[in-house]
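# Summary of the model geometry
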Amino acid sequence: MSKVVIIGAGGVGQVVAFKCAQLPEVFTEITLASRTEAKCIDIAQKIKQTLNRDIATAQVDADNVPELVELLNKIKPELVINVALPYQDLTIMDACLEAGVHYMDTANYEPLDTAKFEYKWQWAYQEKFEKAGLTALLGSGFDPGATNMFTAYLAKHYFDEIHTLDIIDVNGGDHGYPFATNFNPEINIREVTAECRHWEDGQFVTTPAMSCKQTFTCPDEVGTYNIYRMYHEELESLTKHFPTLKRAQFWMSFGESYLKHLEVLGNVGMTGIEPIEFQGQQIVPIQFLKALLPDPSTLGPRTKGKTCIGCVVTGIKDGKEKTVYLYNVKDHQDCYGEVQSQAISYTTGVPAMIGAKMILQGNWKKAGVWNMEQLDPDAFMDDMNQYGLPWQVIENPGFDLI
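Residues numbered from 1 in each chain as written. Predicted model: local features only at pLDDT ≥ 70, side-chain atom pairs only at ≥ 80, totals over all residues. Heavy atoms only, no water.

### Things to note about the packing of helix H7 (residues 146-157) against helix H14 (residues 378-386)
Running from N to C, H7 and H14 cross one another at 120°; their axes reach a closest spacing of 10 Å. When the axis of H7 is compared with that of H14, the two are oblique. For the element pair H7 and H14, the recorded crossing hand is left-handed. Seen from H7, the contacting residues are Ala-146, Met-149, Phe-150, Tyr-153, Lys-156 and His-157; seen from H14, they are Asp-378, Phe-380, Met-381 and Met-384. A class-by-class count of the residues in the contact of H7 with H14 yields seven nonpolar, one polar and two charged. (Axes fitted to C-alpha atoms, helices over the stretch in contact; angles between N-to-C directions. Helix = DSSP H or I, 4+ residues; strand = E, 2+ residues; numbered from the N terminus. Parallel < 35°, antiparallel > 145°, perpendicular 65-115°, else oblique. Left-handed = near helix turned anticlockwise from the far one by under 90°. Contact = heavy atoms within 4.5 Å. Nonpolar A, V, L, I, M, F, W, Y, C, P; charged D, E, K, R; others polar.)

### A word on unusual backbone geometry
In most cases, non-glycine residues show a negative phi, while peptide bonds are predominantly trans. Here the amide bond leading from Asp-143 into Pro-144 is cis, since omega sits at 10°, within 30 degrees of zero. The topology assignment puts Pro-144 in the loop between strand S6 (135-138) and H7. With phi around 50°, Asp-201 is a residue other than glycine that occupies positive phi space. Of note, Asp-201 is situated in the loop between strand S8 (196-200) and strand S9 (203-207). Among the residues examined, Asp-201 registers a relative accessible area of 64% and is labelled exposed. The backbone of Glu-221 shows a phi angle near 60°, a positive value even though the residue is not glycine. Looking at the secondary structure, you find Glu-221 in the loop between strand S10 (213-218) and strand S11 (223-230). (Buried < 20%, exposed > 50% of the residue type's maximum accessible area, 1.4 Å probe, protein only.)

### Considerations on the pairing of strand S1 (residues 3-7)
Burial within S1 is extensive, with four of its five residues counted as buried. Once you follow S1 into helix H1 (residues 11-21) and on to strand S2 (residues 29-34), the crossover reads as right-handed. Of the pairings in the sheet, the one linking S1 to strand S4 (residues 79-82) comprises four bridges and is parallel in character. Bridge pairing links Ile-7 to Asn-82 in S4. (Right-handed = clockwise from strand over helix to strand, strands pointing away. Pairing = 2+ DSSP bridges.)

### A short note on H7
Note: α-helices contain 3.6 residues per turn, so residues at a spacing of three or four share the same orientation. Compared with the 16 Å implied by 1.5 Å per residue over twelve residues, the 16 Å span of H7 between its first and last C-alpha is a close match. Across the twelve residues of H7, ten count as buried, placing the element largely inside the fold. Every buried residue of H7 is listed here: Ala-146, Thr-147, Asn-148, Met-149, Phe-150, Thr-151, Ala-152, Tyr-153, Leu-154 and Ala-155. (Expected span 1.5 Å × (residues − 1).)

Rendered as structure tokens:
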């Protein structure tokens, strides 16, 4: 029996629940929990209609450790799949330690009052999880997650030593709204507006947000897009675990309409994370903005186009320099047809399911706190091909990247 509790019932939570429900031989019992149980019940009903499988639901406040522990002690799962907000990672890790349950997530912890993406808070749990004999798997989404696996797979099979890494995340999808975010608006906007950091010559170099841009033509007729350099959390762990990297950068595509809206909203203070007083009560501008924007979980039926996410790695093999590009292309409407979700949630949710599968089947069951690239990539990469995220490799692709 492999019971799991999934915490979080947003777009990614729905995909994780669907994908776990597709594998009853691995995920024998599933409970979907959220602060708002009605969202869980709605997802459970979709799964019943589509897959004819029952999953349980529960209400839980992921900020409340005793409440989390009570739920885990009641259900006694083997693993918690955390797809709640990054602010809640530490409370869920604390609850897993107290209840004796393995842990995994898709995004690193960040404090609620500071847009700061660092692994230090979660890495500090290494000794606690090791002593408890429990596994904590960090960042098993797409980026971070699959991108870490792509890097590890290339380092293992194509290179003797890797020197540069460019992670390129292109969303060629169109939802038809003037402005909307493809995942949680608060997290998305905090991420995009944060200062950029990239790795160069043994240290992180800081530059203004969105200040470095280039064009990138995706394979498989996905199209040509403007991509912007920004900071993303996997750079911190990848540069630590692959110390031969001389440069590592993360790039993401943005349309002109998105950037113009974001600029205006920033100029008038709507992206702020500091509370302000409004009509006698405290409100956080970005949280108010989130309430006004379309819910990302509703974008599935109207999003057309494809995502293209991959890693360009250069390095040495048998004394010669080479470049390899490993990538996945996913069609938004294919995702909606399978799990009633757009590709941004799908590409995060599928690696979360696979990471959970790796733990439950014993491939990655190892006491301590681990980033994806510290574990063997081969079985995970095989499952990417099998469960909806097939990948391709192009050797010496001829890209002219900054």
